[in-house]
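# Reading the structure
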Amino acid sequence: MRLATMERRTHDNSCLTVWPEWASSGIWHPEKRGIDGPVSMVGYRTLNLPLVLREGFEKWIEQYDFYAPDRPQDFDWESFDTEGFRLAQALANFTAGKYVVEYKLCEVTPNG
């Protein structure tokens, strides 16, 4: 009897996707850029994020912890999305030249 082997997933380690998930960093390496699919979480220490940026991501994810899938209308998506984009922009600025940053599957270019 021959056992099926699972192929090891690979991720695009040159790309960072900002995406909320409960109890996560909110920062991920996607399997492929611009596609909603498998991801691998990236820790703050891996990126050596400045304290203020790390705290911003922590507060953003903390806010997402209050999201209830059975009551999406009770969540302030507009301010959450605005903050998510702001964090993605700050991450793109901090990692400029090292990573491509995405938010909502679209590339966020560094300022300046």
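Residues numbered from 1 in each chain as written. Predicted model: local features only at pLDDT ≥ 70, side-chain atom pairs only at ≥ 80, totals over all residues. Heavy atoms only, no water.

### A few points about the packing of aromatic side chains
What describes a pair of aromatic rings is the distance from one ring centre to the other and the angle between the planes of the rings. We count it as follows: Geometry of aromatic contacts follows a simple scheme: Phe, Tyr and Trp rings, the Trp one being its six-membered ring, pair when their centres are within 6.5 Å, and the pair is stacked under 30 degrees between planes, edge-to-face over 60, tilted otherwise. Numbering of helices and strands runs from the N terminus; a helix is a DSSP stretch of H or I covering at least four residues, while a strand is a stretch of E covering at least two. The cut-offs for exposure are 20% and 50% of the maximum accessible area for each residue type, with area from a 1.4 Å probe on protein chains only; residues under the lower value are buried, those over the upper are exposed, and the others partly exposed.
Per the counting criterion, the structure on display carries 15 aromatic pairs. For the ring pair Trp 22 and Tyr 67, a centre distance of 6.0 Å and an interplane angle of 15° mean the geometry is stacked. Of this pair, Trp 22 sits in the loop between strand S1 (15–18) and strand S2 (27–30) while Tyr 67 sits in the loop between helix H2 (51–64) and helix H3 (77–94), placing them 45 residues apart in sequence. Each ring, one from Phe 75 and one from Trp 77, has its centre 4.6 Å from the other, and the planes form 65°; the classification is edge-to-face. Taking the relative accessible area as the measure of exposure, Phe 75 reaches 10% and is therefore buried.

### Examining the sheet that holds S2
Just so we agree on the cut-off: At least two bridges found by DSSP between two strands are what make those strands a pair. Angles run from 0 to 180 degrees between N-to-C directions of axes, and those axes are lines fitted to C-alpha atoms, restricted for helices to the stretch in contact.
The sheet built from 5 strands is open, its strands ordered S3-S2-S1-S4-S5 with mixed pairing. Since the sheet does not close on itself, it has two edges, and those belong to strand S3 (39–41) and strand S5 (106–108), each with one partner. In this sheet, neighbouring strand axes are inclined to one another by 40° on average, regardless of whether the strands run parallel or antiparallel. As defined by bridge partners, S1 adjoins S2 across 2 bridges and the pair is classed as antiparallel.

None of this, on its own, says anything about what the molecule does.
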